[in-house]
Each structure stands twice: as structure tokens, then as C-alpha cells.
Amino acid sequence: MSQTFVVLIGPPGAGKGTQAKIAAEKLQIPHISTGDLFRDNLKNQTELGKTAQTYMNSGQLVPDEVTIAMVADRISCPDCAKGALLDGFPRTIAQAEAFDKILGEQFGTSICCVPLIDLANEVLVSRLSGRWMCPQGHVFHEVNNPPKVEGVCDVCGLTLYQREDDKTETILHRIEVYENQTAPLIDYYEKKGVLNRVDGNRTIDEVSADILSVIRAGCGLKE
Ligand code: ADP
Ligand code: ADP
């Protein structure tokens, strides 16, 4: 049985969450967002959520061992047997190495495609400061992608909110953290021959068409 493990990378605000939801549905594989998993834990006030909170609110990364353990747990669920689309993980070289090990040892496979959504820093700031989220992870933008009814999620009808970490000074810090800790993954995946750059400064539909096409080519999937 061939599996489809895809990792979507890009700076905060590039459109990973938006695109991951679309691609995972088209490919019929689970969407695993470490940001959403941490936010769920925070909402339910679990120990993991409490640990993650301070890091998240200040725009820092949650420590590798905590994040890796959470993903190892999630990826062992039966719905991931055929693959998964990861968004927001890995974010450090240590996480990437740990994930490669898990895929090799537990699934006898490796990542087949890493789409990198490219976007200039100025655009990232306006994307994040206008972002509105639903508690289930659906994403909107007050100008670019407004919900049909202000403040309400089109998909599940829940009330939208603005994230604590989407404030200008935290956004700038997160971009810096991305450049220092996550950008080295570009080289890591390029060397493995799985990296595909996608221009994120286009409409949501144009970006998703490109992402699906690189994933299908990289993972040997039919249209
Ligand atoms: P990330 O998960 O990479 O942080 P999101 O998917 O949450 O990014 O998107 C950040 C913001 O940008 C959201 O408000 C979203 O609605 C908006 N957005 C996403 N893709 C596009 C696009 N192609 N054009 C314009 N706005 C977009
Ligand atoms: P965005 O795509 O807007 O940058 P996410 O929702 O992916 O944000 O992540 C929000 C926060 O959750 C991060 O700033 C960080 O504190 C934490 N986080 C998410 N994924 C990871 C990860 N792989 N490693 C460490 N921390 C993470």
C-alpha cells in the first residue's frame, strides 16, 4: 500500500492552514495542524495546553520534545494509515529528523512532497492582522476572504475570533523565529528532492491548484 505523507511549510500567514484544509479534503487524508492541536489543548485546559500557552502567546516555538510527542501520538491514530497532510510541523531540524524517523520506523515510508508557500514579509503582516479564525480551524480574512456573515464561520456557524498571537509585535517576532528556526528546513528538504516552491501571492484558488499539482506529481497520485 502506498502512503501519502505531505508537509506544507511557509512563514506564518503564508496560507498553510487555508491550503491544507483544501488539499487534505481533495486528497482524502487527515489534516494535522500542530497550531490547531495546541489551541484545542489550550481550550480544554489540558497539561499540554498549559505548557504550550506561554510559548504560543509570545510567538515562541513550543519545545521540540513536547511537539514531537504530540505529533507521534496523533500520527499513530488509525485514520493516518494511508497518510496525512501536516501543516505547521516540522518547524525545526530536530522535528524534521524525528518525523523522518517515525515515518521510516512505523510506516516504512518517507515524505513524498513538501510544498513551500512563498510570500514577502510585508504581505504576511497584513494577512495575519486581518485574520479571523473559527474554533474548528477554518480561516477567514476581513478583506481578502471575508465570511458571508460578519463574525460567523461559513462552514460550521461558530463565532470567529482573532488570535492572541496575531498582534503586530508578536507577528514580527514569529516571522523572525521562522527565519531562524524553520527556514533551514528548506535546504533540508531540497537536499532530499521533495521541496516544491509555490508562489503564495495569488488567489486562494490559484495557489491550491498549484499545491495539488505538485503533490500529485511528487506522490505519484492520479488527477
Ligand atoms: P498560515 O496557516 O500559513 O498562518 P492562514 O491560512 O491562516 O496562514 O492564512 C493567513 C490569512 O491570510 C488568513 O486571514 C487567510 O484568510 C488569508 N489568506 C490565505 N490565503 C490567501 C490568499 N491566497 N490570498 C489572500 N489572503 C489569503
Ligand atoms: P501560524 O501558521 O500562524 O504561524 P500556527 O497555528 O501554526 O501559526 O502556530 C501557532 C503557534 O503554535 C506557534 O507560534 C508556536 O508557538 C506553536 N506551534 C505550532 N506548531 C509548532 C511546532 N511545530 N513546533 C513548535 N511550536 C509550534
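Residues numbered from 1 in each chain as written. Chains lettered and ligands numbered in written order. Predicted model: local features only at pLDDT ≥ 70, side-chain atom pairs only at ≥ 80, totals over all residues. Heavy atoms only, no water.

**Student:** Just checking my understanding: could you explain the site of ligand 1 for this structure?
**Tutor:** Around ligand 1 sit 18 residues, and of these G13, T18, R131, F140 and R202 come closest. In the environment of ligand 1, a nitrogen atom lies 2.8 Å from a nitrogen or oxygen atom belonging to the backbone of R202. Summarising the interface, the protein chains cover 92% of the accessible area of ligand 1, which totals 560 Å² for the free molecule. Among the detected pockets, ligand 1 sits in the largest pocket. (Near = heavy atom within 4 Å. Polar contact = N/O pair within 3.5 Å; in protein donor to acceptor, adjacent residues only side chain to side chain. Areas by Shrake-Rupley, 256 points an atom, 1.4 Å probe, with all protein chains shown as cover. 1 Å grid on protein atoms, 1.4 Å probe; cavity = no way out; pocket = protein on both sides within 12 Å on 5 of 7 lines; lining within 4 Å. Sits in = over half its atoms within 2 Å of the grid points.)

**Student:** Please explain the site of ligand 2 as it appears in this structure.
**Tutor:** Neighbouring ligand 2 are 19 residues; T34, Q60, G88, R131 and R174 lie closest to it. G88 places a polar main-chain atom, nitrogen or oxygen, 2.8 Å from a nitrogen atom of ligand 2. For ligand 2, the accessible surface in isolation is 550 Å², of which the surrounding protein chains cover 97%. Its atoms largely coinciding with the cavity grid, ligand 2 occupies the largest pocket.

**Student:** I tried to follow empty space enclosed by the protein on my own but got confused; where do I start?
**Tutor:** The gaps of empty space that remain are located by a probe, the size of a water molecule, rolled over the atoms. Evaluated as defined, the whole model comprises one cavity of 30 Å³ or more. Computed from the structure, the largest cavity encloses a volume of approximately 60 Å³. What lines the largest cavity is L8, I9, G10, P11, P12, K16, G88, F89, P90, R91, Y178 and T182. Class assignment for the residues of the lining of the largest cavity results in seven nonpolar, three polar and two charged. (Points joined across faces, edges and corners; volume = space filled by probe spheres on them. Nonpolar A, V, L, I, M, F, W, Y, C, P; charged D, E, K, R; others polar.)

**Student:** Where do I start with the state of the cysteines in this structure?
**Tutor:** A covalent bond between the sulfur atoms of two cysteines is what we call a disulfide. Inspection of the entire model under this criterion finds one disulfide. The residue that forms a disulfide with C112 is C219, at a sulfur-sulfur distance of 2.1 Å. Disulfide C112-C219: the torsion about the S-S bond is 85°, which places it as right-handed. Of this pair, C112 sits in the loop between helix 5 (93-107) and strand 4 (114-118) while C219 sits in helix 9 (residues 204-219), and the two are 107 residues apart along the sequence. (Disulfide = S-S within 2.5 Å. Helix = DSSP H or I, 4+ residues; strand = E, 2+ residues; numbered from the N terminus.)

**Student:** Is there a simple way to explain the pairing of strand 1 (residues 4-8) in this structure?
**Tutor:** Note on strand geometry: in a regular strand, side chains alternate between the two faces of the sheet. Among the five residues that make up strand 1, five are buried, leaving the element largely enclosed by the rest of the structure. Burial along strand 1 is two-sided: T4, V6 and L8 and F5 and V7, pointing in opposite directions, are all buried. Note: strand 1 against strand 3 (residues 83-87), five bridges, orientation parallel. Directly across from T4, in strand 3, lies its bridge partner G83. (Buried < 20%, exposed > 50% of the residue type's maximum accessible area, 1.4 Å probe, protein only. Pairing = 2+ DSSP bridges.)

**Student:** For this particular structure, what's the right way to read the packing of helix 5 against helix 8 (residues 184-191)?
**Tutor:** Where helix 5 meets helix 8, the axes come as close as 9 Å, and the angle between the chain directions of the two elements is 35°. Counted together, I93, A96, E97 and D100 of helix 5 and P184, L185, Y188 and Y189 of helix 8 form the full contact between these two elements. Counted by class, the contact of helix 5 with helix 8 contains six nonpolar, no polar and two charged residues. (Axes fitted to C-alpha atoms, helices over the stretch in contact; angles between N-to-C directions. Contact = heavy atoms within 4.5 Å.)

**Student:** I tried to follow the packing of helix 2 (residues 34-43) against helix 4 (residues 64-75) on my own but got confused; where do I start?
**Tutor:** When two helices pack together, you describe them by how their axes are tilted relative to each other and by the distance separating the axes. For the pair helix 2 and helix 4, the least separation of the axes is 11 Å and the interaxial angle reads 95°. Here helix 2 is positioned roughly perpendicular relative to helix 4, judged by the angle of their axes. From helix 2, T34, L37, F38 and N41 reach across to helix 4, where they touch T67, M70, V71 and R74. Taken together, the residues that form the contact of helix 2 with helix 4 break down as four nonpolar, three polar and one charged. (Parallel < 35°, antiparallel > 145°, perpendicular 65-115°, else oblique.)

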